[in-house]
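Coordinate analysis (summary)
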Amino acid sequence: RVYLGQPTPRVTGAGTATLRLFDRLQIYSMVDFKGGHHTFDWDRNIRCVQIPNCEVIVSPEKYDPRYVAEVQNGAGQVIASQFVSRATFAKLREVSVAYELPTGWVRRTGANRALFTITGRNLHTWTKFTGIDPESRSSLFTVSEIISLNQAVIPPLAELSASLRLSF
């Protein structure tokens, strides 16, 4: 066995920014990141080895012959490095735009204040990870170890929501 990289992130963090414009409009954003780790791409392993139907199998002329040989000989998991890749990523986790409605409009409803917000979550991922999403994981428990899998796991979905908050 050869050590191919740490499976848990060495570095994690997040950054936020809030911009207020014209006393009524507020824009908020958050980006988070995890880095310094590697993961085994089970989706690619299954597509290339278990059900040999990935691009490197179908069109081997597009790839380095050494890589083609590694993938074609991957069934015995003797050589697995072709399925391990850096899982470092940054995600645009949230962007929201909030608008405070004019007091004259709000008073007609009997409220003192109204805030309308549109929010988008999980909008973009920056990564060189070769799989679907570097953050998707499930666990397989065996007698001797816990294996983290990314196969057959739905990544965090993009989400759009709107809200109207009234204060009385």
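To keep things clear, this report deals only with the structure shown in the data block. Fair warning: this is a prediction, and the values are worked out from it, not measured in the lab.

What to know about the pattern of salt bridges
In the structure shown here, the tally under the stated rule is ten salt bridges. Here Asp133 makes a salt bridge to Lys91, at a shortest N to O gap of 2.8 Å. Of this pair, Asp133 sits in the loop between strand 6 (113–127) and strand 7 (138–141) while Lys91 sits in strand 5 (residues 89–100); the two residues are 42 residues apart in sequence, bridging distant segments of the chain. Neither residue differs from the other here; Asp133 and Lys91 are each classed as buried. Several salt bridges converge on common partners, so that one network encompasses Asp32, Lys91, Arg93, Asp133 and Glu135.

Let's talk about the state of the cysteines
What the rule picks out here adds up to one disulfide. The residue that forms a disulfide with Cys48 is Cys54, at a sulfur-sulfur distance of 2.1 Å. Handedness here is read from the sign of the S-S torsion; for Cys48 and Cys54, about 120°, the answer is right-handed. Considered together, Cys48 and Cys54 belong to a single accessibility category, that of buried residues.

Quick notes on the pairing of strand 1 (residues 11–21)
Relative to strand 2 (residues 25–35), strand 1 runs antiparallel, the two sharing eleven bridges. Across the sheet, residue Gly13 finds its bridge partner in strand 2, namely Phe33. Where strand 1 hands over to strand 2, the hairpin turn is made up of three residues, of which Phe22 adopts a positive phi near 55°.

Looking at a nonpolar patch on the surface
There is a patch of nonpolar side chains on the surface, built from Phe116, Ile118, Leu160, Leu164, Leu166 and Phe168 and spanning about 650 Å² of accessible area. Of all the elements in the fold, those that place two or more residues in the nonpolar patch are strand 6 and strand 9 (159–167). The dominant element in the nonpolar patch, judged by the number of residues it contributes, is strand 9, at three residues. Relative to the assigned elements, Ile118 resides in strand 6. Classification of Ile118 by relative accessible area gives partly exposed; the value is 39%.

Comments concerning the sheet that holds strand 1
Within the open sheet, the five strands sit side by side as 1-2-5-6-9. Their pairing is antiparallel. Looking at strand neighbours, the two that pair on one side only are strand 1 and strand 9, the edges of this open sheet. The mean inter-strand angle of the sheet, taken between neighbouring strand axes irrespective of direction, is 15°. In this sheet, strand 5 lies alongside strand 2 in antiparallel orientation, the contact comprising ten bridges. Bridge pairing in strand 5 links Leu25 to Tyr99.

So, helix 1 (residues 42–50)
Three or more residues of helix 1 are buried, namely Asp43, Arg44, Asn45, Cys48 and Val49. Elements that come into contact with the buried residues of helix 1 comprise strand 3 (38–40), helix 2 (55–58) and helix 3 (65–72). Regarding helix 1, its N-cap is Asp41, as a side-chain oxygen of that residue lies 3.2 Å from the backbone nitrogen of Arg44 further along.

Comments concerning the pairing of strand 5
Extensive coverage of strand 5 is indicated by the burial of nine of its twelve residues. Pairing analysis gives eleven bridges linking strand 5 to strand 6, with the strands arranged antiparallel. For Glu94, the partnering residue across the bridge sits in strand 6 and is Arg121.

Criteria and cut-off values
- Residues numbered from 1 in each chain as written.
- Predicted model: local features only at pLDDT ≥ 70, side-chain atom pairs only at ≥ 80, totals over all residues.
- Heavy atoms only, no water.
- Salt bridge = Lys/Arg side-chain N within 4 Å of Asp/Glu carboxyl O.
- Helix = DSSP H or I, 4+ residues; strand = E, 2+ residues; numbered from the N terminus.
- Buried < 20%, exposed > 50% of the residue type's maximum accessible area, 1.4 Å probe, protein only.
- Disulfide = S-S within 2.5 Å.
- Pairing = 2+ DSSP bridges.
- Patch = residues over 30% accessible without salt bridge, like charges linked within 9 Å, V, L, I, M, F, W, Y side chains within 5 Å.
- Areas by Shrake-Rupley, 256 points an atom, 1.4 Å probe, with all protein chains shown as cover.
- Axes fitted to C-alpha atoms, helices over the stretch in contact; angles between N-to-C directions.
- Contact = heavy atoms within 4.5 Å.
- Polar contact = N/O pair within 3.5 Å; in protein donor to acceptor, adjacent residues only side chain to side chain.

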